[in-house]
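Structural description and commentary
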Amino acid sequence: MIDRPPLLVAPYDAELFGHWWFEGPQWLEQLLRRIGTGEGAVQTITPSQYLTQHPVLQQATPNLSSWGDRGYYDFWFNPKTDWIYPLLHRAARRMKELTIAYGHESKGTLADRALGQAARSLLLAQASDWPFILQNGTTVEYATRQLQDHLSRFHYLEMALERKSFDERRLQALEALDNIFPELDYRVYKHPIGNDK
């Protein structure tokens, strides 16, 4: 009935696998193995591959929703957590500005490494676990401290970049402490993300 194969996007919160849904990885493996036999009508494809094959598509704007309580965002954005977001939005804007200003540095230089680590610190600060914990009321001090620590590390790196003054030993310590996403390309922050105002 349409001029191209239908596309079903099935995103999963990685936290589900092994946390709330311990058999999730085995289920996903079996599903992909079955699809991989080619015996059914369903095939796997990445969104980029699909867009390459079918570049002209109707655009849609999804309604605001969440997997959270009652299907909305209020579990993460409420009077217990609303103080977080101005801090995160400011840091995200600064990350973009820093990337535009200093993102031309050669790979492996101290500035390049500081930008990569700043991006990691920002991502860790943006984790939805912190507002989730604050709303739940479990280990509130821990969540608050983690969020503040990640933002403090980001701001330290921000100042180092602006001053062009790097303490390599401290940078190494931050890289060892928060070593998630080692291949992260901070240059993605040059591109607009939502409303930049």
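Below is a summary of the structure that appears in this document. (Residues numbered from 1 in each chain as written. Predicted model: local features only at pLDDT ≥ 70, side-chain atom pairs only at ≥ 80, totals over all residues. Heavy atoms only, no water.)

**Describing the packing of helix α6 (residues 140-163) against helix α7 (residues 168-177)**
One way to put it is that α6 packs onto α7 with a least axis distance of 12 Å and a crossing angle of 145°. For the element pair α6 and α7, the recorded crossing hand is left-handed. Along the contact surface, α6 presents Arg 153, Tyr 156 and Leu 157, while α7 presents Arg 170, Leu 171, Leu 174 and Leu 177. The residue inventory of the contact of α6 with α7, partitioned by class, reads five nonpolar, no polar and two charged. (Axes fitted to C-alpha atoms, helices over the stretch in contact; angles between N-to-C directions. Helix = DSSP H or I, 4+ residues; strand = E, 2+ residues; numbered from the N terminus. Left-handed = near helix turned anticlockwise from the far one by under 90°. Contact = heavy atoms within 4.5 Å. Nonpolar A, V, L, I, M, F, W, Y, C, P; charged D, E, K, R; others polar.)

**Thoughts on the pattern of salt bridges**
Scanning the model with the defined rule gives eleven salt bridges in all. A salt bridge links Arg 4 to Asp 3, with the nearest nitrogen and oxygen atoms 2.9 Å apart. On the basis of relative accessibility, which here comes to 65%, the residue Asp 3 falls in the exposed class. Note that Asp 178 and Arg 153 form a salt bridge whose closest N and O atoms lie 2.7 Å from each other. With Asp 178 in the segment after α7 and Arg 153 in helix α6, the pair connects residues that are 25 residues apart, well separated along the chain. Looking at Arg 153, the relative accessible area reads 18%, which means it is buried. Linked through salt bridges whose partners overlap, the residues forming this network are Arg 90, Arg 94, Glu 97, Glu 158 and Glu 162. (Salt bridge = Lys/Arg side-chain N within 4 Å of Asp/Glu carboxyl O. Buried < 20%, exposed > 50% of the residue type's maximum accessible area, 1.4 Å probe, protein only.)

**Digging into unusual backbone geometry**
A positive phi angle, close to 40°, is found at Thr 139, a residue other than glycine. Examined against the element boundaries, Thr 139 turns out to sit in the loop between α5 (129-136) and α6. Although it is not a glycine, Lys 164 sits at a positive phi angle of roughly 55°. Looking at the element boundaries, Lys 164 is found in the loop between α6 and α7.

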